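Close look at the chain arrangement
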Amino acid sequence: MINNIYKPYRDQVEGIIHDFVMADRRVLHVAVHTFTPELDGIERDADIGLLYDPKRKPEAEFARKWKKLLLEQDESLLVRFNYPYLGISDGFPTYLRRKFKDEQYMGIEIEVNQKFILDKQQGWEQLQQTIKSSLQQLVHPHRGYGAKEEAA
């Protein structure tokens, strides 16, 4: 599985980022993950975690703005920074940060509590929309909240 799925995916993403960087473009890489609501008998007290490297000012600023937009759209969410994992833990964005400079690459990971997926009453569809629209608003502020999505 590692050689058939993970490695080709990782190589492709790294290649695309490299091509953009070589074309003098800045890359925002958003990795999406979920986390279990309970680990080793301890309940994890967040709905969303935004992971980033605090030493990279653009990443920290992006995460702060994203959290603000998420909460503007749903004030009931508990959004935490670098939780349930540290943004500098070993992972793909951490690896890519070593390859590319701050002005070339921003790696943000969004961790979503699986309670939304496991319990349909928790508003999984709404949460997906909140994440999507807040990210769109952050990346394309000129479109405004609720702007019609362009065809890809």
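Residues numbered from 1 in each chain as written. Predicted model: local features only at pLDDT ≥ 70, side-chain atom pairs only at ≥ 80, totals over all residues. Heavy atoms only, no water.

Let's talk about the overall build of the chain
The secondary structure content of the chain amounts to five helices and six strands. Written out in order from the N terminus, the α and β elements of the chain read α-β-β-β-β-α-β-α-β-α-α. Computed over the C-alpha atoms, the radius of gyration of the chain is 16 Å, within 12% of the 15 Å expected from 2.2 N^0.38 for a compact globule of 152 residues. Reported as C-alpha extents along the three principal axes, the dimensions of the chain are approximately 45 × 40 × 30 Å. Within the chain, contacts between residues at least 6 apart in sequence are counted, and of these 75% link residues at least 24 apart. Taken as a whole, the chain presents about 9,800 Å² of accessible surface, with 52% of it coming from carbon and sulfur. Charge centroids of the chain, computed over 22 positive and 24 negative side chains, lie 5 Å from each other. (Helix = DSSP H or I, 4+ residues; strand = E, 2+ residues; numbered from the N terminus. Rg over C-alpha atoms; globule rule 2.2 N^0.38 Å. Contact = heavy atoms within 4.5 Å. Areas by Shrake-Rupley, 256 points an atom, 1.4 Å probe, with all protein chains shown as cover. Lys, Arg positive; Asp, Glu negative; His and termini not counted. Charge placed at Lys NZ, Arg CZ, Asp CG, Glu CD.)

Observations concerning the layout of surface pockets
One number sums up the size of the largest pocket: a volume of about 260 Å³. Lining the largest pocket are 16 residues, and of these Ala31, His33, Phe92, Pro93 and Glu109 sit closest to its centre. At the level of elements, α1 (2-22), β1 (27-35), α3 (92-99) and β6 (105-113) are the ones that each hand at least two residues to the lining of the largest pocket. Among the residues making up the lining of the largest pocket, the classes are represented as nine nonpolar, four polar and three charged. (1 Å grid on protein atoms, 1.4 Å probe; cavity = no way out; pocket = protein on both sides within 12 Å on 5 of 7 lines; lining within 4 Å. Points joined across faces, edges and corners; volume = space filled by probe spheres on them. Nonpolar A, V, L, I, M, F, W, Y, C, P; charged D, E, K, R; others polar.)

Details of a nonpolar patch on the surface
A cluster of nonpolar side chains, contributed by Ile2, Tyr6 and Tyr9, occupies part of the molecular surface with about 340 Å² of accessible area. With respect to the helices, strands and loops of the structure, Ile2 is situated in helix α1. Owing to a relative accessible area of 59%, Ile2 belongs among the exposed residues under this scheme. (Patch = residues over 30% accessible without salt bridge, like charges linked within 9 Å, V, L, I, M, F, W, Y side chains within 5 Å. Salt bridge = Lys/Arg side-chain N within 4 Å of Asp/Glu carboxyl O. Buried < 20%, exposed > 50% of the residue type's maximum accessible area, 1.4 Å probe, protein only.)

Section: the packing of helix α2 (residues 57-73) against helix α5 (residues 124-139)
Direction vectors running N to C along α2 and α5 enclose 130 degrees, while the axes themselves pass 9 Å from each other. Classified by the angle between their axes, α2 and α5 sit oblique to one another. The way α2 lies across α5 gives a crossing that is right-handed. Contacts between α2 and α5 involve Phe62, Lys65, Trp66, Leu69, Leu70 and Gln73 on the former and, on the latter, Thr130, Ile131, Ser133, Ser134, Leu135, Gln137, Leu138 and Val139. Taken together, the residues of the contact of α2 with α5 break down into eight nonpolar, five polar and one charged. (Axes fitted to C-alpha atoms, helices over the stretch in contact; angles between N-to-C directions. Parallel < 35°, antiparallel > 145°, perpendicular 65-115°, else oblique. Left-handed = near helix turned anticlockwise from the far one by under 90°.)

Some remarks on the packing of aromatic side chains
Throughout the structure, instances matching the rule amount to five aromatic pairs. With centroids separated by 6.5 Å and ring planes inclined at 55 degrees, the aromatic side chains of Tyr9 and Phe92 adopt a geometry described as tilted. With Tyr9 in helix α1 and Phe92 in helix α3, this residue pair connects regions lying 83 residues apart in the sequence. Aromatic pair Phe92 and Tyr95: ring centres 6.3 Å apart, planes at 15 degrees, arrangement stacked. A residue pair is termed a helical-turn pair when its members lie 3 or 4 positions apart in one helix, as Phe92 and Tyr95 do in helix α3 at three residues. We classify Phe92 as buried; its relative accessible area is 11%. A relative accessible area of 24% means that Tyr95 is categorised as partly exposed. Grouped by ring-pair contacts, the aromatic residues Tyr9, Phe92 and Tyr95 constitute a single cluster. The ring of Phe81 has Lys67 sitting right over it, with the charged end atom 4.8 Å from the ring centre. Over the ring of Tyr83 we find Arg80; its NZ or CZ atom is 3.7 Å from the centre of that ring. (Phe/Tyr/Trp six-rings, centres within 6.5 Å; stacked < 30°, edge-to-face > 60°. Lys NZ or Arg CZ within 6 Å of the ring centre and 35° of its normal.)

Description of the environment of Val32
Along the polypeptide, Val32 turns up in strand β1. Through-space distance from the C-alpha of Val32 to that of Ile110 is 5.1 Å; in sequence the pair is 78 residues apart.

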